[in-house]
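Tertiary structure, described
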Amino acid sequence: MSSLPQRDAFWNRVFDIAKKDRNIMVITADMGAPSLDQFRKDLPAQFVNVGIAEQNAVTIAAGLALSGKKVFTYAIAPFITLRCLEQIRVESAIMGLPITFVGVGAGFGYPDSGPTHHMLEDIAIMRALPNIIIHSISDSVMAAAIGERSCGLKIANYVRLDRQLLPDLYDSATDFSPGLTVLKEGTDRFLVATGSMTTTALAIARRLEDRGLSLGVIDVHTFPLNAELFLRIVQSATKLVSIEEHFLAGGLGSAVCEVLNDNNRGSVQLARIGLSMEQGFTGCYHYGGRDVLRKQYGLDDASLEQRIVRHFA
Amino acid sequence: MRKQLDELSGKSKELRKIILEMCIRAGTGHVTSSLSCIDLLIALYHGGLLNCDAANPSWPQRDRFIMSKGQGSPALYAVLADLGFFDQRELDRFAQQGGRFGVHLQHDVPGVEITSGSLGHGFGIAAGMALGAKLDRELHLVFAMLGDGECYEGSIWETAMFAAHHRLNNLIVLIDRNYMCVTDFTENLVQLEPFDQKWKAFGWDVVNIDGHSFERIFEALSSVRSRKSIRPLAVIAETVKGRGIASLCYDPLWHAVVPQGADQDAARLCLERWCTHE
């Protein structure tokens, strides 16, 4: 298990760079983190708390960006994405301002907070905007690396951070710029995952390996999906399973479908696993942790394993 | 001073005609919204209240002017073209094929800072720019033009609170108080009054002026650079939507409609008479 939550790994790295670059600014909509306290304390001129006013956070950030600042906005994921969608659309997708939108609580990251705090549509919705990169973070090493990358990006990006402690999957020398990473080699069968589901997919693939079913694991951590690299990796694949803690409409599985379809690979049998639209939010009012919620949607380890084995049978 | 006021008054008539013809030619555009704010724009740009340079639109020391009510773009485009920010012939192609800009404001036009059309954005951007200027100890001012109808957007009040809290006294908002929205008068829709008290309660200095009187506009803004107040300044400019063309005033129908046929001739005639007799 990582010793550091993704948000702290992310903000610590940004803070280190901001100490040397006074143009880096953080606008928080009253979201705190131990790692943000150092901004408040040591770099007060680079830290603004706008209160619980996410839309204002984005427009203020846009004005600062037009003044030459490199701006990060920060809130719980649904509030910095869905609530501000139109601000993001006008200020970044249309005007091209390179703001970094940081949302914490991907998927069921706030498991006991109910559906208002779950983030289950952000990949679909942010992916629908041109001119914005999505970084779907799967571990703290990646969070730090993307914090650094964000400081230099000339284009807007959305960073979806998990709120819970997850195992570290990467070493600090990893190059995340290709946008996706093969975490377990494969030939004709792969699991494709993103965010917290990458850890889950890797664990399942390792267990199934022991049972004689060999599956590669691809972590898609950046959208738009790097189609060229993805197609190269799965060039011999006949079957794929995508796994996401996200509604099925428009998410990772949809992105994979689009790439396969648009490149004459429609014959690949892809099973998309995620939250079903039919079930909607009804499964979200269950408490007791992430695993309880995942079970509601057939995303617990046992159900996933069963569905994967069935698809590859 | 009198001479300058007369010149501005002449410009006001000249640009009104240009705005009307731009929109008639395109068959689209917000004529009345443009005519309510055009005198404020002329005072800023032609009257020298705003520091800017047509030959160098991105001059770093320029005052920023943010047209938050992006539907008033014909007014701003007419002003910028008149000052030479871009070729006046662009106005002839307003919102037409091959034209450089359309009905709502576009950030890539020389002299324009933002894309606007969706309301409630520009004001926050202006406040962010004012904060940026403070942080970098830049002395330029940031002006934002809001519509009164735009003030129904909740984001306006998020920004109003923010700007006062951060003592952004380099931020001046001009509110085009024409009392009309898209489908009705503001006080019928959802009452905005007491409008000035709302701004005061949010921590702003407020002045109420006649937004068509260059004398009043100058009274409110000519010493704005030496203001001692720590508060941002809201200038609530009482205006008439469609001012100069009586046939288009006081009827919400004309918000996004350009006169056609006989209405066109009536509008031109109204404007000509107003220009001659006012």
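Description of the overall build of chain B
Check the secondary structure of chain B and you find nine helices and five strands. Taken from N to C terminus, the helices and strands of chain B fall in the order α-α-β-α-α-β-α-β-α-α-β-α-β-α. Considering chain B as a whole, with its 278 residues, one finds that 50% of them fall into the buried category. Across chain B, every contact between residues at least 6 apart in sequence was considered, and the portion connecting residues at least 24 apart equals 75%.

Topic: the interface of chain A and chain B
Each partner contributes to the interface: chain A provides 20 residues, whereas chain B provides 21 residues. Listing elements by their share of the side of chain A that touches chain B, those giving two or more residues are α3 (54–66) and α5 (85–94) of chain A. Looking at the side of chain A that touches chain B element by element, the count peaks at nine residues for α3(A). Residue composition of the side of chain A that touches chain B, by class: 11 nonpolar, six polar and three charged.

Notes on the packing of helix α1 (residues 2–26) of chain B against helix α9 (residues 261–277) of chain B
Residues and elements named next belong to chain B. The interhelical angle for the contact between α1 and α9, taken along N-to-C directions, is 175 degrees, at an axis separation of 10 Å. With respect to their mutual orientation, α1 and α9 come out roughly antiparallel. Contacts between α1 and α9 pair K13, R16, K17, L20 and I24 from the former with Q264, A267, L271 and C275 from the latter. The residue inventory of the contact of α1 with α9, partitioned by class, reads five nonpolar, one polar and three charged.

As for the domain arrangement of chain A
Residue and element names in this part refer to chain A. Domain annotation of chain A identifies domain 1 (6–161) and domain 2 (180–312). Computed over C-alpha atoms, the centres of domain 1 and domain 2 are 26 Å apart. If you look at the interface, domain 1 gives 21 residues, while domain 2 gives 26 residues. Those elements giving two or more residues to the side of domain 1 that touches domain 2 turn out to be α6 (122–127) and β5 (132–136). Ranked by residue count, the leading element in the side of domain 1 that touches domain 2 is β5, at four residues. Along the lines of polarity and charge, the residues of the side of domain 1 that touches domain 2 split into 11 nonpolar, six polar and four charged.

Some words on the environment of K295(A)
All names here are of chain A. Following the sequence through the fold, K295 ends up in helix α11 (residues 290–296). In this structure K295 comes out as partly exposed when scored by C-beta crowding, with 17 C-beta atoms within 10 Å. The sequence separation of K295 and M277 amounts to 18 residues, and the corresponding C-alpha distance is 16 Å.

A few points about the nonpolar core
Core analysis: the largest hydrophobic core is formed by 176 residues, its most contacted members being L191(A), I19(B) and V235(B). Once residues lying within four places of it in the same chain are set aside, the contact partners of I19(B) are V31(B), S34(B), L35(B), I38(B), P74(B), A75(B) and A78(B).

With respect to helix α3 (residues 73–83) of chain B
Residue and element names in this part refer to chain B. Among the 11 residues that make up α3, nine are buried, leaving the element largely enclosed by the rest of the structure. All of the buried residues along α3 are S73, P74, A75, L76, Y77, A78, V79, L80 and A81. Residues of α3 that are buried sit in contact with α1, α2 (31–45) and β1 (64–67). A positive backbone phi angle near 90 degrees is found at G84, which sits one or two residues after α3.

Some details on the sheet that holds β1(B)
Residue and element names in this part refer to chain B. The five strands lie next to each other as β1-β2-β3-β5-β4, forming an open sheet whose pairing is parallel. Strand pairing shows two members of the sheet lacking a second neighbour, β1 and β4 (205–210), which therefore form its edges. Here the strands of the sheet are splayed against their neighbours by 20 degrees on average, with no regard to which way each runs. Pairing of β4 with strand β5 (residues 233–238) involves six bridges; the strand directions are parallel. Note on β5: the bridge partner recorded for I209 is A237.

A few points about the sheet that holds strand β8 (residues 189–193) of chain A
Residues and elements named next belong to chain A. Taken in spatial order, the five strands line up as β7-β9-β8-β11-β12 in an open sheet, and their pairing is mixed. In this open sheet, the two strands that pair with only one neighbour each are β7 (180–184) and β12 (269–275). Strand-to-strand twist in this sheet, taken as the mean axis angle between neighbours without regard to direction, amounts to 20 degrees. Strand direction decides the pairing type here: β8 and strand β9 (residues 216–220), joined by four bridges, are parallel. Its bridge partner lying in β9, F190 is registered against G216. Sheet strands touched by helix α8 (residues 196–210): β7, β8, β9 and β11 (239–247). Its angle to β11, the strand with the most contacts, is close to 145 degrees. Docked against the sheet, helix α12 (residues 301–312) engages β8, β11 and β12, running at close to 150 degrees with respect to β11.

About the criteria used
Residues numbered from 1 in each chain as written. Chains lettered and ligands numbered in written order. Predicted model: local features only at pLDDT ≥ 70, side-chain atom pairs only at ≥ 80, totals over all residues. Helix = DSSP H or I, 4+ residues; strand = E, 2+ residues; numbered from the N terminus. Buried ≥ 20, exposed ≤ 12 C-beta atoms within 10 Å, placed from the backbone. Contact = placed C-beta atoms within 7 Å. Nonpolar A, V, L, I, M, F, W, Y, C, P; charged D, E, K, R; others polar. Axes fitted to C-alpha atoms, helices over the stretch in contact; angles between N-to-C directions. Parallel < 35°, antiparallel > 145°, perpendicular 65-115°, else oblique. Domains from an automatic or database assignment. Core = buried A, V, L, I, M, F, W, Y, C linked by C-beta atoms within 7 Å. Pairing = 2+ DSSP bridges.

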